[in-house]
Amino acid sequence: MQSPWKVFMVAPLFFLPPLQSLASPLYEDQSRLSHSNGHTCVEKLFLKTTCYLIIDKFGSDIIKLLSADMNADVVCHTLEFCKQNIGQPLCHLYPLPKVAWEFTLEKARQIVKKSPILKYSGSGSDICSLPFLAKICQKIKLAIERSVPFKDVDSDKYSIFPTLRGYHWRGRDCNDSDESVYPGRRPNNWDVHQDSNCNGIWGVDPKDGVPYEKKFCEGSQPRGIILLGDSAGAHFHISPEWITASQMSLNSFISLPTALTDELDWPQLSGATGFLDSTVGIKEKSIYLRLWKRNHCNHRDYQNIARNGASSQNLKTFIESLSRHTMLDHPAIVIYAMIGNDVCNGKRDTVPAMTTPEKFYFNVMQTLKYLNSHLPKGSHVIFYGLPDGTFLWDNLHNRYHPLGQLNKDVTYAQLYSFLNCLQVSPCHGWMSSNKTLRTLTSERAEQLSNTLKKIAAKEKFTNFNLFYMEFAFHEIIQEWQKRGGQPWQLIEPVDGFHPNEVALLMLADRLWEKVQLQWPQVLGKENPFNPQIKEVFGDQGGH
C-alpha cells in the first residue's frame, strides 16, 4: 500500500488524457455545498495550472507519438518517464511492438528529437517550482505529511473545508476561530450559549430551562471513532472511468479534483469514518454512521488518521495529528488497522524489507503508550489483524484489467508484473506469479497478526481496554457470494489490490456485529433521546 504517486510518475501516459479535465469546474462535496471561495480558488489555481503545464509540455509530443502508432510503453520510454537501467529487464505493460524494441524506440525518439520535452522531463522541474505556487505547495506538502488540515485557522486540527485533510477526514469544525470548539470534546457549561463540541445540540429548553446537551446527552456515554490506518482505511480509489475510453463521458472527471486533493483517498465513503451515503447501493453503513445512529450525541466525532503507505514503522511520523485530550474530551474507539505495509513493499527482494515480529511488537507498543497518554479513560482500542492476501492473485490474475478490456491485451497478471518490474508495486509479495513468495508473505502477515493477538491478551493500559479481531476477508467473500457476487468484485479494479467500497462497508458491518456480540460495552448505550434530538435539531447541522 505504497504511495500511489510513484506509479503516476513512472507511468503518466496511462493517465494523461483524463488530466485535461482539470480545467473544468471543481466538484463540490454534496454534503456541504457552501465552502469558502478561498479554498476553492487554491484548488482551482493549483489543478488548472497543473493541467495547463502538462498539456503545454507534453501534449503535442504525445499526440505525435500516438499518431505514429506508438503504444503507451514506447511513449513512456521515449519521454523518459519509464527507464531501463543497465542490467535490468525491460518493463512493459502492453505486448512489445512487432518490430525490434530498440528500432521502435529510436524511431520514436526521432519523432520528438527537436522537442524540449526530454530536457524538461529529466530536469526534475515540476509545478511547485513556479514562484507563485511554491508557498501553496509547501503548505499542502506539510498538511499531507502531518495528516492535519491544510486550512485550520484556530489550529485545533479541525477544519471547515472538505479536502486537504479537512472534514472529509475528521468532523467539521463549527467555529474555526476558537480552538476550544471542536468535535468530540465534553460540552462547555452544557453548551448553554454555543455548540462547543459541534454535535449540533446546544441552547436551553424554554419549557423547563434545562440545557439540551444535559437533557439529551448526559449519561448517554458519547464516544468518537478514530482510525489509525493505511490506504485501505483511507479508501484509496481510482475510478475506472478515468482510464477507460469506453466509459469516459463529460461527467467522468467531475470528482477528480476532489480526489487529487484527498490524495486519491475517499475517507468520506470509508468503512470506518464514512459519513456520506454509499455510492454502491448496499445496506451496510460505516462504523461512524452506526455510532451516530446509536447515539446522536456522537455527531461529527470521527477522525480518519490513515495515510497511503502507512505502517507500524512510520505511524510515529503522523500519530500526533490525533486530536484527543484526556480530560477535556469524550472517550474514543480506536481501530488500529495497519493491514498491509508491514509485509507489502515494491522491492525486488521483498521479504527482507518486511517488518519482523520483534520490530512490529516494538512499534505497536510505542503507539499504545502514546494512545494511553492522550485518550480519555473509558476508551477502547481494537486491533485489526492482517489479511491473507493470496486471494488477490487467485481471483484476479487471469482477468482483464480496465486498460486491457477493449483489446483483451492486459491482464492483472501483466499489470502485477509491470509494477514489480518498475519496483513500484503496492505489494510485490502478494501481487506476484511466484506462489512461494505469496505464501511467504501470508506467513509473515500471520506472524504479525499473532503478535497483535498476544499484545491484546497480555498488555494492560489505564485509559483504554484492548481487543483483537481477525481480518476475516473470507467471511466477506462468502457473504458476497451468497448475494450472487464474485470475489473479484470486492477489489479495486484499477490498482487490483485495495478492498473497494463494498468490501469496506461489509467489513465494517462484520466488525460492528462482532463487537456488539462480544464486547457491547465498547459501543456505549443506545440513546433513548435520539427522536427528540432529531425533532429539535433536525440534521444537527449536517456534516
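Because the structure is predicted, anything quoted here is derived from the model rather than measured. (Residues numbered from 1 in each chain as written. Predicted model: local features only at pLDDT ≥ 70, side-chain atom pairs only at ≥ 80, totals over all residues. Heavy atoms only, no water.)

**Student:** Any details on the layout of surface pockets? Residues and values, ideally.
**Tutor:** As a volume, the second largest pocket reaches approximately 1300 Å³. In terms of lining, the second largest pocket is formed by 49 residues, of which the most central are Leu269, Asp277, Thr279, Val280 and Glu501. Only α11 (287-294) and α17 (501-518) provide two or more residues apiece to the lining of the second largest pocket. For the lining of the second largest pocket, the leading source of residues is α11, giving four residues. Of the residues in the lining of the second largest pocket, the class split is 18 nonpolar, 21 polar and ten charged. (1 Å grid on protein atoms, 1.4 Å probe; cavity = no way out; pocket = protein on both sides within 12 Å on 5 of 7 lines; lining within 4 Å. Points joined across faces, edges and corners; volume = space filled by probe spheres on them. Helix = DSSP H or I, 4+ residues; strand = E, 2+ residues; numbered from the N terminus. Nonpolar A, V, L, I, M, F, W, Y, C, P; charged D, E, K, R; others polar.)

**Student:** An account of the pattern of salt bridges is requested, with residue identities and associated values reported.
**Tutor:** Scanning all chains against the criterion turns up 14 salt bridges. Close ionic contact of Arg483 with Glu479 constitutes a salt bridge, the shortest N to O distance being 3.0 Å. Here the salt bridges share partners, and the residues they tie into one network are Lys283, Glu284, Glu479 and Arg483. (Salt bridge = Lys/Arg side-chain N within 4 Å of Asp/Glu carboxyl O.)

**Student:** I'd like to hear about the sheet that holds strand β2 (residues 302-306), residue by residue, with values.
**Tutor:** Here five strands make up an open sheet; going across it, the order is β2-β1-β3-β4-β5 and the pairing parallel. Only two strands of the sheet have a single partner each, and these edge strands are β2 and β5 (464-469). The sheet shows a mean angle of 15 degrees between the axes of neighbouring strands, direction not considered. When strand β1 (residues 224-229) meets β2, the two strands line up parallel, connected through five bridges. (Pairing = 2+ DSSP bridges. Axes fitted to C-alpha atoms, helices over the stretch in contact; angles between N-to-C directions.)

**Student:** With reference to specific residues and values, describe the pairing of strand β4 (residues 379-384).
**Tutor:** Consecutive residues of a regular strand have side chains that alternate between opposite faces of the sheet. Of all the six residues making up β4, six are buried; the element is thus mostly covered by neighbouring parts of the structure. Residues of β4 alternate between two faces, with Ser379, Val381 and Phe383 on one and His380, Ile382 and Tyr384 on the opposite face, all of them buried. Where strand β3 (residues 332-337) and β4 come together, four bridges link them in parallel fashion. In the sheet register, Val334 faces β4, and the bridge partner there is Val381. With helix α12 (residues 357-372) bridging β3 and its parallel neighbour β4, the resulting β-α-β unit is right-handed. With six bridges joining them, β4 and β5 adopt parallel strand pairing. Among the inter-strand pairings, His380 is bridged to a residue of β5, identified as Asn465. (Buried < 20%, exposed > 50% of the residue type's maximum accessible area, 1.4 Å probe, protein only. Right-handed = clockwise from strand over helix to strand, strands pointing away.)

**Student:** Give me the lowdown on the nonpolar core, citing residues and values where you can.
**Tutor:** In terms of nonpolar packing, the biggest core is built from 110 residues, with Leu368, Leu371 and Phe383 touching the most fellow members. With nine residues, α17 is the single largest residue contributor to this core. Two domains share this core, each providing at least three of its residues, namely domain 1 (4-14 + 43-119) and domain 2 (224-532). What Leu368 contacts, discounting residues up to four positions off in sequence, is Val381, Phe383, Ile455, Phe461, Phe464 and Leu466. (Core = buried A, V, L, I, M, F, W, Y, C linked by side-chain atoms within 4.5 Å. Domains from an automatic or database assignment. Contact = heavy atoms within 4.5 Å.)

**Student:** Mind laying out the environment of Trp393, listing which residues take part and the relevant values?
**Tutor:** Locating Trp393 in the fold gives a position in helix α13 (residues 390-396). Trp393 sits in the buried class, given a relative accessible area of 12%. In this structure the C-alpha to C-alpha distance between Trp393 and Arg438, which are 45 residues apart in sequence, comes to 8.7 Å.

**Student:** Run through the packing of helix α16 (residues 473-482) against α17, naming residues and quoting values.
**Tutor:** The geometry of a pair of packed helices is captured by two quantities: the angle between their axes and the separation between those axes. Taken N-terminus to C-terminus, the directions of α16 and α17 make an angle of 110 degrees; their axes are 10 Å apart at the nearest point. Between α16 and α17, the interaxial angle falls into the category roughly perpendicular. Our pair here, α16 against α17, has a crossing hand that is right-handed. Contacts between α16 and α17 pair Phe473, Glu475, Ile476, Glu479 and Trp480 from the former with Val502, Ala503, Met506, Leu507, Arg510 and Lys514 from the latter. For the contact of α16 with α17, the class distribution of residues is seven nonpolar, no polar and four charged. (Parallel < 35°, antiparallel > 145°, perpendicular 65-115°, else oblique. Left-handed = near helix turned anticlockwise from the far one by under 90°.)

Everything listed here is a matter of coordinates, which is why it stays silent on function.
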